[in-house]
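# Close look at the chain arrangement
Chain by chain, the residues run as shown.
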Amino acid sequence: MKSSASLTSPARPLAAAPERQAFLLLRTVFTVAPVVFGLDKFTNLLTDWTMYLAPVVTDVVPLPAQTIMYVVGVVEIAAGLAVALKPRFGSLLVAVWLLGIIVNLIILGSFYDVALRDFGLLVGALALNRLAQPKQG
């Protein structure tokens, strides 16, 4: 009887691999969203992003709020690209970045709803990191 590798270990189709689907969904969202929001820091089409910046930040960093938002935009774009290229590293970068946003919003003393949403995103970024771990033996 003839046997082949494909008969002994068939590849699971994507539909039968929920962990792969979850990985692809999270990787896509954590690639696209930071890039889109990062680009919007330069246009302010979605919102005036400077209203989310705690005044203490401009006290510590001697730059205008909009200039800080430009830097934030570059970091967000880089984080999204990092998720696309190196999801294990990029997901941790996004998680740390979201933690920074949460701390900023708590210091600001408002937008607690956004901070809570960003906490949920942080947990999603950590889930992506777990799904991006190399396969064990």
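For the structure itself, look to the data block above.
Everything in this summary refers to the structure shown in the same document.

Reading the values: the criteria
Residues numbered from 1 in each chain as written. Predicted model: local features only at pLDDT ≥ 70, side-chain atom pairs only at ≥ 80, totals over all residues. Heavy atoms only, no water. Core = buried A, V, L, I, M, F, W, Y, C linked by side-chain atoms within 4.5 Å. Buried < 20%, exposed > 50% of the residue type's maximum accessible area, 1.4 Å probe, protein only. Helix = DSSP H or I, 4+ residues; strand = E, 2+ residues; numbered from the N terminus. Axes fitted to C-alpha atoms, helices over the stretch in contact; angles between N-to-C directions. Parallel < 35°, antiparallel > 145°, perpendicular 65-115°, else oblique. Left-handed = near helix turned anticlockwise from the far one by under 90°. Contact = heavy atoms within 4.5 Å. Nonpolar A, V, L, I, M, F, W, Y, C, P; charged D, E, K, R; others polar.

Let us now look at the nonpolar core. Judged by nonpolar contacts, the single largest core of 15 residues is most densely connected at Phe30, Val83, Val94, Leu98, Leu122, Ala125 and Leu128. Of all the elements in the fold, those that place two or more residues in this core are helix H2 (18-40), helix H4 (65-85), helix H5 (87-108) and helix H6 (112-131).

Here H5 crosses H6 at 165°, and the two axes come no closer than 8 Å. Taken together, the axes of H5 and H6 lie roughly antiparallel to each other. H5 and H6 meet at a crossing whose hand is left-handed. Where H5 approaches H6, its residues Arg88, Ser91, Leu92, Val94, Ala95, Leu98, Leu99, Ile101, Ile102, Leu105 and Ile106 are matched on the opposing element by Tyr112, Val114, Ala115, Asp118, Phe119, Leu121, Leu122, Ala125, Leu126, Leu128 and Asn129. Across the contact of H5 with H6, the residue classes tally to 18 nonpolar, 2 polar and 2 charged.

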